[in-house]
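Observations on the model geometry
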Amino acid sequence: MTEAILLVGGKGTRLRPLTVYTPKPMVRAAGVPFLTHQLARARAAGVEHIVLATSYLAEVFEPYFGDGSALGLHIEYVTEEEPLGTGGAIRNVADRLHSGPGDPVLVFNGDILTGLDIRALVDTHETTGADVSLHLTRVADPRAYGLVPTDDAGRVLAFLEKPQTPQEIVTDQINAGAYVFRRSVIDTIPADRPVSVERETFPGLLAAGAHLQGMVDSTYWLDLGTPAAFVRGSADLVLGRAPSPAVPGRCGDRLVLPTATVAPDAKVTGGTVVGEGAFVAEGARVSGSTILPGAVIEPDAVVTDSLIGTRARVGERSVLTGTVIGDGAVVGADNELREGVRVWCDARIPAGALRFSSDQ
């Protein structure tokens, strides 16, 4: 297989403020834009030509990746003038594909971190003669996802979107966001209007008698749609729990990028990334976190499972757990921020302004 479509047009609203100035696939995970990991894994699986279906902040992608030659790829870019949904985005880039009608085209979402065996999915598609093949994974609580029950041969039986009652939960298999389409099927998707593959294309194909094949691959899989998931995914890449040939350094307890500075007595652990030009001062403790380029962690601050935006600053003795600090924001000294807090880009929190415990 030689080509793929990567859907990178979403606004990433669940990830704000990380996505105020940066499209979701370009937010850094393990030191590089997350999209770099996907492109590198696709190339390792034999993909040579990739079309990026862009929309939100579309102008950011091409200046960074260019024609893709640095990654051994040929990358093209197509921008949606209006959001077209997953199916509409796929159809919108069809004229950039080189495949013949019966050839396989890989399609994957720009916000899934996975250890999927891409070649195995393509092989399953070809050996079963499917019209579309889907990567399925198993989750403990499938209520937030689309269920995909299959028969004993792996043939898809139905698509059940986000079930809520026990009676609706007929399987723990969910749509994991990677597909192989027969090229001719892509051409049947309606053009120039929003289309959802999950709610319209796949159910429609099934109703028309098409062969949709599921392949369960329960290796590492994580939807990076929330800040907590994104931070965890980055840490898992650094720790080697999630596979990627694009991690810019050895897997280990931390990744400190060139021009970053970590004080000798600072403790940086748990898969933490310290980006270019960032500074972790003496006595600071940082675990399982992402420190983006140019950010500063001041003396004796404690940062756990958090993401600190580009050029942001965390003041002395402040304690952050499960929080997101937007680009350019400043958290003054002696603050305490707990799970779920999001500090917007360029905001200023005065010293000692926020606490969850006594100041004594």
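Below is a summary of the structure that appears in this document. (Residues numbered from 1 in each chain as written. Predicted model: local features only at pLDDT ≥ 70, side-chain atom pairs only at ≥ 80, totals over all residues. Heavy atoms only, no water.)

The final tally for this structure, using the stated rule, is 15 salt bridges. The partner of Arg 96 in a salt bridge is Glu 76, and the shortest N-O contact between them spans 3.1 Å. Linking Arg 96 in the loop between α3 (85-92) and β6 (104-109) with Glu 76 in strand β5 (residues 74-79), this pair joins segments that are 20 residues apart in sequence. Here Arg 96 falls in the partly exposed class, since its relative accessible area comes to 30%. Between Arg 119 and Asp 123 there is a salt bridge; the shortest N-O distance is 3.6 Å. One end of the pair is Arg 119 and the other is Asp 123, both in helix α4 (residues 118-128) and four residues apart, which spans about a single turn. (Salt bridge = Lys/Arg side-chain N within 4 Å of Asp/Glu carboxyl O. Helix = DSSP H or I, 4+ residues; strand = E, 2+ residues; numbered from the N terminus. Buried < 20%, exposed > 50% of the residue type's maximum accessible area, 1.4 Å probe, protein only.)

Turning next to the pairing of strand β11 (residues 173-182). Across the ten residues of β11, nine count as buried, placing the element largely inside the fold. Here β6 runs beside β11; their pairing, made up of five bridges, is antiparallel. Pairing of Val 107 across the sheet is with Tyr 179, part of β11. As judged from the six bridges shared by strand β8 (residues 132-138) and β11, these two strands associate in the antiparallel manner. Looking across to β11, one finds that Ser 133 is bridged to Val 180. (Pairing = 2+ DSSP bridges.)

On the secondary structure map, Val 93 appears in the loop between α3 and β6. Discounting residues that sit within four places of it in the chain, Val 93 has contacts with Ile 5, Val 51, Ala 53 and Val 78. (Contact = heavy atoms within 4.5 Å.)

Take the environment of Leu 35 next. Inspection of the secondary structure puts Leu 35 in helix α1 (residues 34-44). Note: C-alpha distance between Leu 35 and Asn 109 (74 residues apart in sequence) is 9.9 Å. Sequence-distant contacts of Leu 35, defined by excluding residues within four places in its chain, comprise Leu 6, Val 8, Pro 25, Met 26, Leu 52, Phe 61 and Phe 65.

Strand order in the open sheet formed by five strands is β16-β19-β22-β25-β28, and the pairing between neighbours is parallel. Edge positions in the open sheet fall to β16 (267-269) and β28 (336-337), since each of these has one partner strand only. In terms of strand pairing, β16 meets strand β19 (residues 285-287) through three bridges, oriented parallel. Across the sheet, residue Lys 267 finds its bridge partner in β19, namely Arg 285.

In this structure, Asn 109 sits in strand β6. Residues within four places of Asn 109 in sequence aside, it is in contact with Leu 6, Leu 7, Gln 38, Thr 86, Gly 177 and Tyr 179.

Looking now at the environment of Leu 206. Within the fold, Leu 206 resides in helix α6 (residues 197-207). Overall, Leu 206 belongs to the partly exposed group, its relative accessible area being 22%. C-alpha of Leu 206 to C-alpha of Leu 157: the two residues are 49 residues apart in sequence and 7.8 Å apart in space. Setting aside residues no more than four positions away along its own chain, Leu 206 makes contact with Val 156, Leu 157, Ala 158, Phe 159 and Leu 212.

Taken as a whole and assessed by the stated rule, the structure comprises seven aromatic pairs. Between Tyr 64 and Phe 65, the ring centres sit 4.8 Å apart and the planes meet at 70°, which makes this aromatic pair edge-to-face. Plain terms: the ring middles of Phe 159 and Phe 202 are 5.4 Å apart, the flat faces sit at 25° to each other, and that makes the pair stacked. Residue Phe 159 is located in the loop between β9 (146-147) and β10 (160-161), and its partner Phe 202 is located in helix α6; the two are separated by 43 residues in the primary sequence. Residues Phe 159 and Phe 202 agree in their burial class; the two are buried. Taken together, the ring pairs in this structure connect Phe 159, Tyr 179, Phe 181 and Phe 202 into an aromatic cluster. (Phe/Tyr/Trp six-rings, centres within 6.5 Å; stacked < 30°, edge-to-face > 60°.)

Any functional reading would require information that these geometric values do not contain.
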